[in-house]
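Chains, contacts and geometry: an overview
For reference, the chains in residue letters:
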Amino acid sequence: MYSKEVIKLARPVKCKYCNEFSMLDDSMTIVETQHKYAKDKFDPDGKKIRKKGETYSKKNKVHKKCATLFQKKVEDTKIENENWDVLCKYIEKLHDLTVIPKSNITRLKDLRAGFETKNGERIRKWRTGPDFSLMLDAYVLSELTIRNSLKNKLDGSNDVKSINYCISIMIGKLNEAFVRRRNRERQVQEQKLNKEVTIIEEISYTPKKTNSNDISDFL
Ligand SMILES: [Zn+2]
């Protein structure tokens, strides 16, 4: 019994956040995460055992000190995936595609990682590239130019080359999209501040008012 216990405690586990091995003691904790199956899965008899889109949960062993950061990373990844899905749907509609060609997908994912491909060469341009939601904003900003190019220059084609041409147009609008996003965020921030000021004013003026029909302030 004693030796069994020792073996169990001595087995190190890998922290899902920092990838360091640790003993499974009270420095570790379990964070449960929800996932969706990406594909259907069948057993050898052809019976479906997993359905695409079905949710399942994972019990992740992480250090207690890593738990908050791990949860944030999971949440960020979820948002990133959702934004990627929205971007793909937009591009599919724009180019009338059922599936986006692999090389176009690679270019978009490279761009996200901070790389640009010029004349077949992969060059690091940013430390962290633009996120998928900013790419979507840039697409929307260049939609008219893209539609005109598709009609007049690209002969309505939706092949890899044509999609690539339009990705380049979108890249040209990333800076403008970024500035607009920053302005939007600033506006929201200012509105929040104004609201706070209003609330404070209301509170400080309330005791003065005896009733709403009191006109003494105007006399
Ligand atoms: Zn850790």
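Residues numbered from 1 in each chain as written. Predicted model: local features only at pLDDT ≥ 70, side-chain atom pairs only at ≥ 80, totals over all residues. Heavy atoms only, no water.

Some words on a positive patch on the surface
- Positive charge collects at one region of the surface, where R11, K16, K58 and K61 lie side by side.
- As for its placement among the helices and strands, K16 is situated in the loop between β1 (12-14) and β2 (21-23).
- Classification of K16 by relative accessible area gives partly exposed; the value is 43%. (Patch = residues over 30% accessible without salt bridge, like charges linked within 9 Å, V, L, I, M, F, W, Y side chains within 5 Å. Areas by Shrake-Rupley, 256 points an atom, 1.4 Å probe, with all protein chains shown as cover. Salt bridge = Lys/Arg side-chain N within 4 Å of Asp/Glu carboxyl O. Lys, Arg positive; Asp, Glu negative; His and termini not counted. Charge placed at Lys NZ, Arg CZ, Asp CG, Glu CD. Helix = DSSP H or I, 4+ residues; strand = E, 2+ residues; numbered from the N terminus. Buried < 20%, exposed > 50% of the residue type's maximum accessible area, 1.4 Å probe, protein only.)

A closer look at the coordination of the zinc ion
- At 2.1 to 2.4 Å from the zinc ion lie its protein donor atoms, namely C15 (SG), C18 (SG), H63 (ND1) and C66 (SG).
- For the zinc ion, the four donor atoms in the first shell make angles of 101 to 116° at the metal, so the coordination geometry reads as tetrahedral.
- Since its relative accessible area comes to 6%, C66 is described here as buried. (Donors = N, O, S within 2.8 Å, 3.2 Å for Na, K, Ca; no water. Tetrahedral: all angles 85-135°; square planar, octahedral: opposite > 155°, others 65-115°.)

Regarding the confidence of the model for the chain
- Mean pLDDT over the chain stands at 87; residues scoring 70 or higher make up 86%.
- When pLDDT is averaged over each helix and strand of the chain, the minimum, 54, is found for helix α1 (residues 2-10) and the maximum, 98, for helix α4 (residues 132-141).
- In the predicted structure, residues 207-219 sits below a pLDDT of 50 and forms zero contacts with residues beyond four places in sequence or in another chain. (pLDDT = per-residue confidence, 0-100. Contact = heavy atoms within 4.5 Å.)

Thoughts on the pairing of strand β8 (residues 121-124)
- Alignment of strand β7 (residues 115-118) against β8, held across four bridges, turns out to be antiparallel. Bridge pairing in β8 places F115 opposite R124.
- Between the antiparallel neighbours β7 and β8 lie two residues, among them N119 with a positive phi of about 50°. (Pairing = 2+ DSSP bridges.)

Topic: the pattern of salt bridges
- Per the stated rule, a full pass over the model turns up 10 salt bridges.
- Taking the shortest distance from any N to any O, the salt bridge between D76 and K72 comes out at 2.9 Å. Note that D76 and K72 are positioned in helix α2 (residues 67-94) at a spacing of four residues, about one turn of the helix.
- By relative accessible area, D76 is classed as partly exposed at 37%.
- Between R122 and D110 there is a salt bridge whose closest N-O contact spans 3.1 Å. You can see R122 sitting in strand β8 and its partner D110 sitting in helix α3 (residues 102-112), a full 12 residues away along the chain.

Focus on the environment of K89
- Considering the arrangement of structural elements, one finds K89 in helix α2.
- Taking the relative accessible area as the measure of exposure, K89 reaches 59% and is therefore exposed.
- Here the alpha-carbon distance between K89 and V99, two residues 10 residues apart in the chain, equals 9.4 Å.

Points about the environment of E54
- Summarising the element assignment, E54 is placed in the loop between β5 (48-50) and β6 (55-63).
- The exposure class assigned to E54 is partly exposed, which follows from its relative accessible area of 38%.
- Once the C-alpha coordinates of E54 and K36 are considered, the two residues, 18 residues apart in sequence, prove to be 5.3 Å apart.
- Among all residues touching E54, those that are not within four sequence positions of it are H35, K36 and Y37.

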